[in-house]
Structure formats: C-alpha cells, structure tokens
Amino acid sequence: QLQASGGGLVQAGGSLRLSCAASGYTFDNYVMAWFRQAPGKEREFVAVITWSGGITYYADSVKGRFTISRDNTKNTVYLQMNSLKPEDTAVYYCAARSGTYAFTHHVYNYWGQGTQVTVSS
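Parameters and conventions
- Residues numbered from 1 in each chain as written.
- Predicted model: local features only at pLDDT ≥ 70, side-chain atom pairs only at ≥ 80, totals over all residues.
- Heavy atoms only, no water.
- Helix = DSSP H or I, 4+ residues; strand = E, 2+ residues; numbered from the N terminus.
- Rg over C-alpha atoms; globule rule 2.2 N^0.38 Å.
- Buried < 20%, exposed > 50% of the residue type's maximum accessible area, 1.4 Å probe, protein only.
- Contact = heavy atoms within 4.5 Å.
- Areas by Shrake-Rupley, 256 points an atom, 1.4 Å probe, with all protein chains shown as cover.
- Lys, Arg positive; Asp, Glu negative; His and termini not counted.
- Charge placed at Lys NZ, Arg CZ, Asp CG, Glu CD.
- Disulfide = S-S within 2.5 Å.
- Pairing = 2+ DSSP bridges.
- Axes fitted to C-alpha atoms, helices over the stretch in contact; angles between N-to-C directions.

*Asks:* Please give an account of the overall build of the protein that cites residues and values.
*Replies:* What the protein contains, in helices and strands, is zero helices and eleven strands. Counting from the amino terminus, the protein carries its helices and strands in the arrangement β-β-β-β-β-β-β-β-β-β-β. What you see for the protein is a C-alpha radius of gyration of 13 Å, in line with the 14 Å of a compact globule of 121 residues. In the protein, which comprises 121 residues, the proportion classed as buried is 44%. A fraction of 57% describes how many contacts in the protein between residues 6 or more apart in sequence connect residues 24 or more apart. When the accessible surface of the protein is summed, it comes to about 6100 Å², and 47% of that surface belongs to carbon and sulfur atoms. Side chains of the protein give 10 positive and 7 negative charges; the mean places of these two sets differ by 2 Å.

Here it is, written out as structure tokens:
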C-alpha cells in the first residue's frame, strides 16, 4: 500500500513537500515515481527515483523546481516542490514498480490514493 500526503493550497511561487509512505512490501527493491493528473488531462509523469536513490529523472516542466528523494529506512518517498506555478495544479499520485525506472504510468503496479495540489495565481 502507498499513502500519499502533503498536498494543499499554496500561492504561486510557494512550496510544498509531498510524502508517500509504503507498507506491505520490501520498499527498497522498488522504483518510486510521482505522476499527476489535472482535470480533463492525461496522467503525466513528474519524477522517478531508483531504489538506491542514485538515479532520478524529471519531466521538463518541473526540472529545477521539484526534487524527488527517498528514505528507505522510513519506507517513504518525497517530492519537494518549489517555485510552484498555477499549471502545477493537479492530483499527485505516487507509484511503485519493480525493475527499471519508467516514465509511463501503465507499467506501475502500486498506486497511492492521490493528494490534491492547488496553486493559486
């Protein structure tokens, strides 16, 4: 199971940190990712981190503003979001998969329930 938290309402330029706590499986064997979905849009890739934390990738739209990290001792992955923009408004989902990192949501096996992020202008 994945439990996401940390969403909320923030003004443009502000920051939020999302957390995703995992339970029920060996967390450190899994690639972890964040996706987001805005109303009327497809779910899109935001960031991914390998099991060791040594490799990360970001969508171009968030590069330089968002940072993904993980703490395998706490079975938790984080998404630090800075310099937020109104276009970052979406429901954010954490996801997990075994094997290599991937940028498409179809290949992820486990999903959190989503947390709403709203950025006002």
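That shown, we press on.
*Asks:* Can you lay out the state of the cysteines for me, pointing to particular residues and giving the numbers?
*Replies:* Each disulfide is one covalent bond, formed between the sulfur atoms of two cysteines. Under the criterion given, the structure shown has one disulfide. The partner cysteine of cysteine 20 in its disulfide is cysteine 94, sulfur to sulfur 2.1 Å. Here the S-S torsion is close to 65°, and the disulfide linking cysteine 20 with cysteine 94 is therefore right-handed. On the criterion of sequence distance, the pair formed by cysteine 20 in strand 3 (residues 16-22) and cysteine 94 in strand 9 (residues 90-98) is long-range, its members being 74 residues apart. For cysteine 20, a relative accessible area of 0% corresponds to the buried category.

*Asks:* Can you lay out the side chain of arginine 97 for me, pointing to particular residues and giving the numbers?
*Replies:* Counting through the fold element by element, arginine 97 comes out in strand 9. A residue is classified by how much of its surface remains accessible, and arginine 97, at 15% relative accessible area, is buried. For arginine 97, the residues in contact, after removing those within four places along its chain, are Tyr30, Val31, Ala102, Val107, Tyr108 and Asn109.

*Asks:* Talk me through the sheet that holds strand 7 (residues 66-71); I want residue IDs and the actual numbers.
*Replies:* Read across the open sheet, the four strands follow the order 1-3-8-7; overall the sheet is antiparallel. Among the strands making up the open sheet, the edge pair consists of strand 1 (2-5) and strand 7. Within this sheet the neighbouring strands show an average axis-to-axis angle of 15°, counted without direction. Bridge analysis of strand 3 against strand 8 (residues 76-81) gives six bridges, and the strand direction is antiparallel. Note on strand 8: the bridge partner recorded for serine 19 is tyrosine 78.

*Asks:* Can you tell me about the environment of histidine 105, naming the residues and giving the values?
*Replies:* Position of histidine 105 among the secondary structure elements: in the loop between strand 9 and strand 10 (110-111). Counting along the chain gives 61 residues from histidine 105 to glutamate 44, while the straight-line C-alpha distance between them is 7.5 Å. Sequence-distant contacts of histidine 105, defined by excluding residues within four places in its chain, comprise Phe35, Arg43 and Trp111.

*Asks:* How would you summarise the environment of glycine 54 if you had to cite specific residues and measurements?
*Replies:* Position of glycine 54 relative to the elements: it lies in the loop between strand 5 (44-49) and strand 6 (56-58). Glycine 54 sits in the exposed class, given a relative accessible area of 62%. It is 12 Å that separates the C-alpha atoms of glycine 54 and aspartate 71, two residues lying 17 residues apart in sequence.

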